Amino acid sequence: MEYEVVIGLEVHAELSTKTKIYCGCSTEFGGDPNTHCCPVCTGMPGALPVLNEKVVEYAVRAGLATNCEIARESKQDRKNYYYPDTPRAYQISQYDLPLCAHGHVEIAVGNTEKEVGITRIHIEDDAGKLVHDGYTGGTLVDFNRAGVPLIEIVSEPDMRSAEEAVAYVEKLKGILEYIGVSDCKMQEGSLRADVNLSLRPVGSEKFGTRTETKNLNSFRAIARAIEFEIARQKEILDAGGIVYQETRRWDDETGEGYATRNKEEAHDYRYFPEPDLMPIRLSEEYIQDIKNSLPELPESRKNRYVNEIGLPEYDADIITSSKYLSDFFEAATDICKNAKAVSNWIMTDIIRIAKEKGIEYNELPFSAENLSRLIMLIDKGIISSAIAKKVFNEMAESGENPEIIVKEKGLIQISDEGAIKEVVDKIIAANPQSVADYKAGKDRALGFLVGQCMKEMKGKGNPQILNKLILEYLNN
Amino acid sequence: MKEICEMTAHEIRDMYEKKEITVPEVVKAYIEKIESEDENIKAYITVCKEEAMEKAEKMQARYESNEKLPPLAGVPIAIKDNLCTKGLKTTCASKMLENFIAPYDATVIKKIEEAGAIIIGKTNMDEFAMGGSTENSAFFKTHNPVNLERVPGGSSGGSAAAVAGNMAPIALGSDTGGSIREPASFCGIVGLKPTYGLVSRYGLVAFASSLDQVGPMTRDVRDTAELLNVIAGHDELDSTSANISKKDYTASLVNDVKGIRIGVPKEYFGEGISASVKVAINRAIEKYKDLGAIVEECSLPTTKYALPTYYIIACAEASSNLGRFDGIRYGYRSKNYDTLQDIYKNSRSEGFGEEVKRRIILGTYVLSSGYYDAYYKKAQKVRTVVKQGFDEAFEKYDIILTPTVPTVAFKLGERVNDPLEMYMTDLLTVSINIAGVPAISIPCGKDEEGMPIGMQLIGKHFDEETILRAAHTYEQNKEV
């Protein structure tokens, strides 16, 4: 049978506030275990939470940037459950009155654009981390992360494929980075997604039974976990079986998902309003001030790149999906005034390098300034584009200024016609057969001759001049 | 002259100023009193003899240097064992926290120490403040100093017995449904439950967060005002603490109630109120009339809903607040476990007493899905109704006067097997916590067996002044 895939996501993003959500401890990643904690975030008897106002501000920013309505009055609730990483035995979250609701973002897959609805965004605190202790074989708890502020962004079940889900998370990541509320480092777990997925026969209105695969922390894991779950559910349904509502985990190493909890074992979280905290009341003025302070968002930047700079829609989309990349693009263009070249470098080599090295764009070793220097070297004819590739690779390793690389390695392009002619004469004299082939109509012989010349000149010959001189000879 | 251990804090303070007595003399007298009397009364879980003596010497030096000293300089104080004290055990009278030493001080502890008070010990209580007789302590039962066969009340029974038994001039208690006022009534002392939000809860081991308040337990109303001056005030560490300007409560201690309107709700004199309590309260009412107050019978019809509402809200919050006692980071951990679930189940089964478990189960039940609306949500709605009842009454009256407890202190063991009868002890006090208003219990006579009877004066939100004034006036004018 043909099925339609229905996907909804819950994305957790750690907010980049300096201090935790309910106490003054640092939110810095790393640090020796249990060095960023206090009576409040370790759940000592008698300790009380005090809401960090920055968290509300950041969550409202995220809400406004995703077209949400902001609640003038919301509250926090306790979600009760036992786990060693949850020191109070309850998480402070928001149950029925979240800060933000009814938003949406636009995503594009291939040439189709669609809107993904955002049900709600609420604030909550992160749990600690369990660490397996190889020495004793026991489990240890590190509370440095306990109390780090999170927003949970819950989408509508609007996505229909892994590509759409990934595009949605990429879009959210871009927005959160743009508005500066989260660094979205997926490998550090500061952005993670739970995937709710069900299948239904094409044309059916009724949703199928969904499963929830939790804690996916890379785009690759999201895509693979979705594909796996689609295949698993399809196989069950095709065999006439029943998909059970359950919580699942994804093992990225084995490439398999497995069930951790079924519906019967589902927690009753016994939500109730957190009596230690007052309701959150926001004034129109407060919300308006935040609205006014929002930076240009990816959507609007993208439109500007397409309409004003003339980038292809696809390129503009990729570049604006990351705030870092987009800022990089703008900074480099500002200096070298060659937006198309900057865009080309980003779309080909920069994306390739980041992939090869497995790094985030903000970890690229070279600056926008250095990329623009490289482009200007080409534009001024000082190096050829072939040489530029070498210089780029060099720069991508060392971060060095390309002007220095070119100088130190002696890579300056030779544009002196006399010098080039000498080489052309030499190569032509040594390859009479190729000359004859060309004259007999074999165009490929030209490429060979140019290549030989370039080799002789160690790639530094100006290709336009070289071509011109060879053609002049051959056509005479 | 009075014995040292019979004096109030302000009398002690005056004698320090006049150099008629030294801080070490006073602290030593109290320590000796504890050493001789407490084996019978059992008010204290921890006595800090050395630390207290050391602090006494230091404070005495400050008196001798004639510097201006804070209001409680050198005054010994007993602390209920659910207030966190850095470096000193905070047990909540539970096996769960038998050896727990808090890594920080509660805000009220910081405040009383800044005010110069010297902690002489931590007092016994019903485990996690759940109970009205201090018989729910996991360690031992406290006896009423007035009659050792009787309970001191609870849950702040240790603090009440320490003050009544001359083993501390003043004490701190906590009150969730009557836990300061009921033992004050049973032991014949003064106890104030401040307006919710007046005193910081930071460092008070939570029983029911929306009801708990820390308050003074003292021998007279002046000491209550003095101690309230020290502990009241906004605390950035407690989001529910009110940001209101500081007051001097001793300014309310005027001997005058002329024109003050006192309402006496008929619902508080119904079934279960003992004859001797009625007699004593009626005499107090006559006294107020004689002193020029306007006393009228009134009605608080929503009162009857307060007790079930209280037990639903208090237990719901407790079930969540006590989740942190899981045997993982601190406190009791069962030796009997293989799995994580065993650690939780066995540590909590073995670490908590019967009453605590009863309330956790009740609270878990009323919050569970499918029952939440019928119990917890409904209780919150009733809570609003009870508040409105008080608001309406306070449009007509400045104070509402009731008995504190329906009876005098009962005998040890008398009610332990009947939780419902035990819960009835809270009948007249819980609605005050539900409404969040302040109430003070002051002694107003004794029954034929010499057991103290308490009168409860209830005030408007953040109007501690009026009830302190009326309590002080009564205290000044009552027949001894």
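Chemist: Which residues make up the overall build of chain B, and what values do they have?
Modeler: When helices and strands are counted, chain B shows 15 helices and eleven strands. The globule rule puts the C-alpha radius of gyration for 480 residues at 23 Å, and the 21 Å found for chain B is close to it. Viewed in the frame of its principal axes, chain B has a C-alpha envelope of about 65 × 55 × 45 Å. When burial is assessed residue by residue, chain B has 63% of its 480 residues classed as buried. Distance between charge centres in chain B, computed from 57 positive and 68 negative side chains, equals 3 Å.

Chemist: Please provide a residue-by-residue account of the packing of helix 8 (residues 275-290) of chain B against helix 15 (residues 464-477) of chain B, values included.
Modeler: Residues and elements named next belong to chain B. Put simply, helix 8 and helix 15 touch, their axes get as near as 11 Å, and they point 95 degrees apart. One element, helix 8, and the other, helix 15, form an angle in the roughly perpendicular class. On the side of helix 8, the interface is formed by Ala284, Lys287 and Tyr288, while helix 15 contributes Ala470, Ala471, Tyr474 and Asn477. Among the residues making up the contact of helix 8 with helix 15, the classes are represented as five nonpolar, one polar and one charged.

Chemist: Hey, could you go over the side chain of Asp126(B) for me, with residue numbers and the actual values?
Modeler: Residues and elements named next belong to chain B. The residue Asp126 is located in the loop between strand 3 (118-123) and helix 5 (157-164) in this model. Of the side chains bearing the opposite charge, Arg359 lies closest to the buried Asp126, which forms no salt bridge; the N-O distance is 7.3 Å. Of the polar contacts made by the side chain of Asp126, one reaches the backbone nitrogen of Glu135; its length is 3.2 Å. If we skip the residues at most four places from it in the chain, Asp126 touches Cys92, Gly131, Gly132, Ser133, Thr134, Glu135, Asn136, Ser137, Gly154 and Ser155.

Chemist: Go over helix 5 (residues 298-309) of chain A with me, naming the residues and quoting the values.
Modeler: Residues and elements named next belong to chain A. All of the buried residues in helix 5 are Pro298, Arg301, Lys302 and Tyr305. When helix 5 is viewed along its axis, its buried side chains cluster within an angular range of 105 degrees and face the same direction. Those residues of helix 5 that are exposed and angled more than 90 degrees off the buried face are Asn307 and Glu308. Residue Gly310 follows helix 5 closely and has a positive phi angle near 85 degrees.

Chemist: I'd like to hear about helix 1 (residues 53-65) of chain A, residue by residue, with values.
Modeler: All names here are of chain A. A rise of 1.5 Å per residue sets the reference length of helix 1, with its 13 residues, at 18 Å; its end C-alpha atoms lie 19 Å apart and thus fit the reference within 8%. Judged by how many residues are buried, helix 1 sits mostly within the fold: ten of 13 residues are covered. Residues Val55, Val56, Tyr58, Ala59, Val60, Arg61, Ala62, Gly63, Leu64 and Ala65 constitute the buried set of helix 1. Looking at where helix 1 begins, the residue whose side-chain oxygen comes 3.0 Å from the main-chain nitrogen of Lys54 is Asn52.

Chemist: If you had to explain the domain arrangement of chain A to someone new, which residues and values would you point to?
Modeler: Residue and element names in this part refer to chain A. Domain parsing of chain A yields domain 1 (3-289), domain 2 (296-409) and domain 3 (417-475). One C-alpha centre belongs to domain 1, the other to domain 2, and the line joining them spans 33 Å. Contact residues are listed per partner, giving 14 residues for domain 1 and 15 residues for domain 2. Roughly 1,100 Å² of surface becomes buried between domain 1 and domain 2 when both sides are summed, with 49% attributable to carbon and sulfur atoms. The largest per-residue losses of area from domain 1 upon contact with domain 2 belong to Lys171, Glu177 and Tyr178, which jointly make up 50% of the total buried on that side. Salt-bridge contacts for Glu113 lead to Lys302; the nearest nitrogen and oxygen are separated by 3.6 Å.

Chemist: Please provide a residue-by-residue account of the interface of chain A and chain B, values included.
Modeler: Contact with chain A, which involves 31 residues of that partner, is made by 38 residues of chain B. Taken as a group, Pro45(A), Tyr82(A) and Arg270(A) account for 24% of the area that chain A buries against chain B, more than any other trio of residues on that side. Joining chain A to chain B, the criterion identifies one salt bridge. Between Arg201(B) and Asp276(A) there is a salt bridge, with its nearest N and O atoms 3.0 Å apart. The interface formed by chain A and chain B contains 18 residue pairs in polar contact (both at pLDDT 80 or more). Sorting the residues of the side of chain A that touches chain B by element identifies strand 4 (77-80) and strand 15 (272-273) of chain A as the ones contributing at least two each. A per-class count over the side of chain A that touches chain B returns 22 nonpolar, four polar and five charged.

Chemist: How would you explain the packing of aromatic side chains if you had to name every residue and give the values?
Modeler: Overall, the coordinates contain 26 aromatic pairs over all chains when judged by the stated rule. Summarising the aromatic geometry, the rings of Phe128(B) and Phe325(B) are spaced 4.9 Å apart at their centres and angled 45 degrees between planes, so their arrangement reads as tilted. Here Phe128(B) is found in the loop between strand 3 and helix 5, whereas its partner Phe325(B) is found in the loop between helix 9 (306-321) and helix 10 (340-351), with 197 residues between them in sequence. Here Tyr365(B) and Tyr375(B) contribute two aromatic rings whose centre-to-centre distance is 5.6 Å and whose plane-to-plane angle is 55 degrees, an arrangement assigned as tilted. Of this pair, Tyr365(B) sits in helix 11 (residues 354-367) while Tyr375(B) sits in helix 12 (residues 373-396), and the two are ten residues apart along the sequence. By the ring-pair criterion, three or more aromatic residues cluster together here, those being Tyr324(A), Phe328(A), Trp345(A), Phe366(A) and Phe392(A). It is Lys79(A) that lies over the ring of Tyr269(A); its NZ or CZ is 4.4 Å from the centre.

So, how was this worked out
- Residues numbered from 1 in each chain as written.
- Chains lettered and ligands numbered in written order.
- Predicted model: local features only at pLDDT ≥ 70, side-chain atom pairs only at ≥ 80, totals over all residues.
- Heavy atoms only, no water.
- Helix = DSSP H or I, 4+ residues; strand = E, 2+ residues; numbered from the N terminus.
- Rg over C-alpha atoms; globule rule 2.2 N^0.38 Å.
- Buried < 20%, exposed > 50% of the residue type's maximum accessible area, 1.4 Å probe, protein only.
- Lys, Arg positive; Asp, Glu negative; His and termini not counted.
- Charge placed at Lys NZ, Arg CZ, Asp CG, Glu CD.
- Axes fitted to C-alpha atoms, helices over the stretch in contact; angles between N-to-C directions.
- Parallel < 35°, antiparallel > 145°, perpendicular 65-115°, else oblique.
- Contact = heavy atoms within 4.5 Å.
- Nonpolar A, V, L, I, M, F, W, Y, C, P; charged D, E, K, R; others polar.
- Salt bridge = Lys/Arg side-chain N within 4 Å of Asp/Glu carboxyl O.
- Polar contact = N/O pair within 3.5 Å; in protein donor to acceptor, adjacent residues only side chain to side chain.
- Arc of directions from axis to C-beta.
- Expected span 1.5 Å × (residues − 1).
- Domains from an automatic or database assignment.
- Buried area = accessible area lost by both parts, 1.4 Å probe.
- Phe/Tyr/Trp six-rings, centres within 6.5 Å; stacked < 30°, edge-to-face > 60°.
- Lys NZ or Arg CZ within 6 Å of the ring centre and 35° of its normal.

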